[in-house]
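If you want the building blocks of each chain, they are given just below.
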Amino acid sequence: MNLLQDIVYLKGVGPARAKVLNEEFGVYTWRDLLFHYPFRYIDKSQITSVSQIKTEHEPVQLLLECVSWQELGVGRAKRLAARFRDASGDIELVWFKGAQYIVKSLQIGQHYLVYGKPTLFSGKYNIAHPELEWVEKSRMMSGSSMKPVYRSTEKAAKKGLNSNGIAQLTRQMIAEMPANVIPENLPVSILTKYKLMDRDKAIRELHFPTDAKTLEWAVRRLKFEELFYLQIKVAAQKLALTKDERGVVFEKVGHYFHTFYEEHLPFELTGAQKRVLKEIRQDVGKGFHMNRLIQGDVGSGKTIVAILSMLLAVDNGFQSCLMAPTEILTLQHYKAMCELLEPLNLKVELLTGSTRAAERRRIHAGLLDGSISMLVGTHALIEPVVQFNNLGLVIIDEQHRFGVAQRARLWEKAKIPPHILVMTATPIPRTLAMTVYGDLDVSVIDELPPGRKPIQTVWRTDARRLEIDGFLEKEIKKGRQVYIVYPLIDESEALDFKNLMEGYESVVRRFPRPQYQISIVHGRAKAEDRDFEMNLFLKGNTHIMVATTVIEVGVNVPNASVMVIESAERFGLSQLHQLRGRVGRGADQSYCILVTGDKLSQESKLRMETMCQTNDGFEIAEVDLQLRGPGDISGTQQSGVLQLKIADIVKDQSILLAARESAMELVETDPSFGQLDNFCIKKQLDENNTLQSNWSKIS
Ligand code: ADP
Ligand code: MG
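Remember, predicted model here, so these are calculated numbers, not experimental data.

Caption draft 1: Region of the structure containing the overall build of the chain. Of the regular secondary structure elements, the chain holds 24 helices and 22 strands. Across its three principal directions, the C-alpha atoms of the chain cover 85 × 70 × 45 Å. The proportion of buried residues among the 699 residues of the chain is 52%. For the chain, the proportion of contacts with a sequence separation of at least 24, taken over those separated by at least 6, is 73%. For the chain, the exposed area adds up to about 33000 Å²; of that, 52% sits on carbon and sulfur atoms. Between the averaged position of the 88 positive side-chain charges in the chain and that of its 85 negative side-chain charges there is a distance of 3 Å.

Caption draft 2: Local environment of the packing of aromatic side chains. The tally for this structure, following the rule as stated, stands at 10 aromatic pairs. On the numbers, 5.7 Å between centres and 70° between planes, the contact of Phe84 with Tyr112 is edge-to-face. Within this pair, whereas Phe84 is found in strand S3 (residues 79-86), its partner Tyr112 is found in strand S5 (residues 111-116), the two being separated by 28 residues in sequence. By the burial criterion, Phe84 is buried, and Tyr112 matches it. Here Phe228 and Tyr229 contribute two aromatic rings whose centre-to-centre distance is 5.4 Å and whose plane-to-plane angle is 85°, an arrangement assigned as edge-to-face. Comparing Phe228 with Tyr229, the two get one shared label, buried. Grouped by ring-pair contacts, the aromatic residues Tyr194, Phe224, Phe228 and Tyr229 constitute a single cluster. Directly above the ring of Tyr115 sits Arg40, whose terminal nitrogen or CZ lies 3.3 Å from the centroid. Directly above the aromatic system of Tyr37 lies the positively charged group of Lys645, at a separation of 4.9 Å from the ring centroid.

Caption draft 3: Expanded view of the side chain of Ser590. By the element assignment, Ser590 lies in the loop between helix H19 (573-580) and strand S22 (591-596). According to the relative accessible area criterion, Ser590 is buried, its value standing at 2%. A distance of 3.1 Å separates a polar atom in the side chain of Ser590 from the backbone nitrogen of Gly584.

Caption draft 4: A look at the packing of helix H11 (residues 302-315) against helix H12 (residues 327-341). Two elements in contact, H11 and H12, have axes whose closest approach is 11 Å; the angle formed by their N-to-C orientations is 60°. Our classification of the angle between H11 and H12 gives oblique. Helix-helix and strand crossings are classified by hand; for H11 and H12 the assignment is right-handed. Between H11 and H12, the contacting residues are Thr303, Ile304, Ile307, Met310 and Leu311 on the first element and His333, Met337, Leu340 and Leu341 on the second. Here the residues of the contact of H11 with H12 are counted per class, giving seven nonpolar, two polar and no charged.

Caption draft 5: Spotlight on helix H9 (residues 255-264). Residues of H9 that are buried: Phe257, Thr259 and Phe260. Of the surrounding secondary structure, the elements contacted by the buried residues of H9 are helix H10 (271-285), H11 and H12.

Caption draft 6: Broad picture of the nonpolar core. Among the nonpolar cores identified, the biggest contains 40 residues, and Phe260, Leu311, Met337, Leu341 and Met374 are the most heavily contacted of them. Broken down by secondary-structure element, the contributors of at least two residues to this core are H9, H10, H11, H12, strand S12 (348-351), strand S13 (374-377), strand S14 (391-397) and strand S15 (419-424). No other element matches the 10 residues that H11 contributes to this core. In this structure, Met374 is in contact with Met310, Leu311, Val314, Ser320, Met337, Leu341, Leu346, Lys347, Val348 and Glu349, ignoring residues within four places of it in sequence. Residues Leu21, Leu34, Met177 and Val219 belong to the second largest nonpolar core, which totals 36 residues.

Caption draft 7: Representation of the sheet that holds strand S10 (residues 291-296). Strand order in the open sheet formed by seven strands is S12-S13-S11-S14-S15-S10-S16, with parallel pairing between adjacent strands. Looking at the sheet topology across the chains shown, the edges are occupied by S12 and strand S16 (441-445). If you compare each strand with its neighbour and ignore which way they point, the axes differ by 20° on average. With five bridges joining them, strand S11 (residues 319-323) and S14 adopt parallel strand pairing. Across the sheet, the residue bridging to Ser320 is Leu393, located in S14. With respect to the sheet, helix H13 (residues 357-369) is in contact with S11, S12 and S13, its orientation differing from that of S12 by roughly 130°.

Caption draft 8: Main features of the pairing of S22. Here S22 lies mainly inside the structure; six of its six residues are buried. Going residue by residue along S22, you find Tyr591, Ile593 and Val595 tucked away on one face and Cys592, Leu594 and Thr596 tucked away on the opposite face as well. Summarising the sheet, strand S17 (residues 456-461) and S22 pair through six bridges and their orientation is parallel. For Gln456, the partnering residue across the bridge sits in S22 and is Tyr591. Summarising the sheet, strand S21 (residues 560-565) and S22 pair through four bridges and their orientation is parallel. Opposite Val562, over in S22, you have Tyr591 as the bridge partner. Chirality of the crossover, the property in question, places the unit of S21, H19 and S22 among those that are right-handed.

Caption draft 9: Structural detail: the domain arrangement of the chain. Domain assignment breaks the chain into domain 1 (1-44 + 147-179), domain 2 (46-140), domain 3 (255-445) and domain 4 (456-614). Just the C-alpha atoms count here: the centres of domain 1 and domain 2 sit 28 Å apart. Counting residues at the interface gives 10 residues for domain 1 and nine residues for domain 2. Taken together, both faces of the contact between domain 1 and domain 2 bury some 810 Å²; the carbon and sulfur share is 46%. Sorting the residues of domain 1 by area buried against domain 2 places Arg40, Asp43 and Lys44 first, and these three jointly supply 57% of that buried surface. Across the contact surface, domain 1 and domain 2 share two salt bridges. Among the ionic pairs, Glu133 bridges to Lys147, the shortest N-O distance being 2.8 Å. Residue assignment for the side of domain 1 that touches domain 2 shows that the elements contributing at least two residues are strand S1 (40-43), strand S9 (146-149) and helix H4 (154-158).

Caption draft 10: Geometry of the pattern of salt bridges. Within the structure shown, the criterion is met by 29 salt bridges. Here Arg510 ties to Asp469 by a salt bridge, and the two come within 2.7 Å at their closest N and O atoms. Of this pair, Arg510 sits in helix H17 (residues 494-510) while Asp469 sits in helix H16 (residues 465-477); the two residues are 41 residues apart in sequence, bridging distant segments of the chain. Here Asp588 makes a salt bridge to Arg480, at a shortest N to O gap of 3.5 Å. Separated by 108 residues along the polypeptide, Asp588 in the loop between H19 and S22 and Arg480 in the loop between H16 and strand S18 (481-485) bring together distant segments of the chain. A relative accessible area of 28% means that Asp588 is categorised as partly exposed. Each of Arg83, Asp90, Glu92 and Lys124 takes part in one network of salt bridges that share partners.

The rules behind each value
- Residues numbered from 1 in each chain as written.
- Chains lettered and ligands numbered in written order.
- Predicted model: local features only at pLDDT ≥ 70, side-chain atom pairs only at ≥ 80, totals over all residues.
- Heavy atoms only, no water.
- Helix = DSSP H or I, 4+ residues; strand = E, 2+ residues; numbered from the N terminus.
- Buried < 20%, exposed > 50% of the residue type's maximum accessible area, 1.4 Å probe, protein only.
- Contact = heavy atoms within 4.5 Å.
- Areas by Shrake-Rupley, 256 points an atom, 1.4 Å probe, with all protein chains shown as cover.
- Lys, Arg positive; Asp, Glu negative; His and termini not counted.
- Charge placed at Lys NZ, Arg CZ, Asp CG, Glu CD.
- Phe/Tyr/Trp six-rings, centres within 6.5 Å; stacked < 30°, edge-to-face > 60°.
- Lys NZ or Arg CZ within 6 Å of the ring centre and 35° of its normal.
- Polar contact = N/O pair within 3.5 Å; in protein donor to acceptor, adjacent residues only side chain to side chain.
- Axes fitted to C-alpha atoms, helices over the stretch in contact; angles between N-to-C directions.
- Parallel < 35°, antiparallel > 145°, perpendicular 65-115°, else oblique.
- Left-handed = near helix turned anticlockwise from the far one by under 90°.
- Nonpolar A, V, L, I, M, F, W, Y, C, P; charged D, E, K, R; others polar.
- Core = buried A, V, L, I, M, F, W, Y, C linked by side-chain atoms within 4.5 Å.
- Pairing = 2+ DSSP bridges.
- Right-handed = clockwise from strand over helix to strand, strands pointing away.
- Domains from an automatic or database assignment.
- Buried area = accessible area lost by both parts, 1.4 Å probe.
- Salt bridge = Lys/Arg side-chain N within 4 Å of Asp/Glu carboxyl O.

Below, the structure is given as structure tokens:
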């Protein structure tokens, strides 16, 4: 029995269906079909009645009879509305798309199993786009109560491969498979320790559950397996990085670091900054290759840590560079460094997309001959023409804007890989960090510089505009400055741009010249104009800065004490938090005002409430993760976390921890998987390797 045989040879498939299976689901072999897992189950014993529906957005399963339907509206408002009922009452089901297709499957008086999330509309519940399955009521209660549901597509359904069709094929295939044909890929020691079901049984169970309880065990085993292999990968990478890749050694703390630290540091470092610096020094002093992530909330003072690390490189005769995602931010770093390092007589160079050709040539030459020791730049830095003499340290600020591939190119700029320090202000929850960045060591700056007052955040609806304006007036009278931010999610969105301009005009009407001076900054403006306006605001010549999210990673204006975020419901949590971080940089009490419409979804409400409750970036990141799933968190795209078939990083944390622990332990004790019991891991990895690309060198 060969599971790798072509799916076309499965009874009931044939060339036409094989083609659909290839194209729609990437299923080419029997094995692929086996791994086309159901995405949920219909538990026929769990049926709600219409009158029992009490909450919105929680999925329910109903057994309903079709009463009537009609197509309503025209154009974009066109929809299909159908009335269904059970003994307890009736409910409307609506479809805004695919009406023709649905209508064909409706029959008055027929019973359907209906699955979906109710929403409340004018005091009654309805369900939009439910899943619908024709059932024979009398046969409903026979057999196993758990029925698998497979993902399908319209194209596949046309060839009879809807969920039921796929279930039938899979049943057919499994019936032909001799017992234990699916090889075990977890060592017996682990199976025993965590009481895991064996693999052959678990996969069969997944497709054809005996009952809810056994299914749960099967699912647990397969989740464990998936997370275990993810962690094995991470553990192996980490081991490879620390064992094989030798790093350059910064053995001494020398003149520059000392002089700066003792004589020119403008403030005392916080405990957290000192701790992180110590961790960095331990890494770079040992001859290991540093791959470290610094997580620190906005304003926690990551820059100074970066600068001190660069001085360490200089002291040891190595070049270093600091890379930032935008020109504004790069310039800000450059200026700060020039100022701070001036007394040391150390020259820093700046390289961005707008550096003139002659200047660029001079810098290229200086980097190559080693006369330039410190460089700040945008991604212009990673172009192949930029070559170094002896690059020893690369610092990447706000890493989420740099792709893994871009970072990998930095790696090629030195014979011995330079130490890598990645700094991010987007905190990643611990469980996710250890999976996504499992091969990076993580340092956390979890303390703000002293004297900062926590920002007070309030949530107001449009209706309270006058009150908000009154507050802004008062703050401006006190000599403070104000940001008003409009969502411009996509700079090319004409509608967003119109909103911004209307917003600006309304601000100008409410705060008239000459009493009030207003700046405006957005992504469409020329860089010079933007800098000009920014500078006016920075110098205190304007009172209000109307802006888009370009200021998210922009200038530091300690005198700005109020951040107003318009249409706040349109921003994600981490973005709101980043924006809020623009104020609260001076000694004064700062405020953040979230302005929204008065009709908000549950989720938007939760976002606003979270912002009002906490200033802690990590807490906010946790909520963000619960709300959006790991897909939107930085770094996850590259990590494979998204490709998980069955496990869920957020919901399966306890399984994740167990899988991680056993994977780490195994890689430490038997790194080549040479022990007999561990040989199955090696086999599985070889199999996976044929599928995987090597993104892992640097992260
Ligand atoms: P971020 O971590 O967001 O990059 P910055 O490095 O820009 O933060 O620091 C924010 C502000 O705090 C800067 O003005 C910086 O000079 C100041 N700062 C940093 N560390 C300290 C400290 N230990 N004490 C006082 N101020 C500090
Ligand atoms: Mg910063």
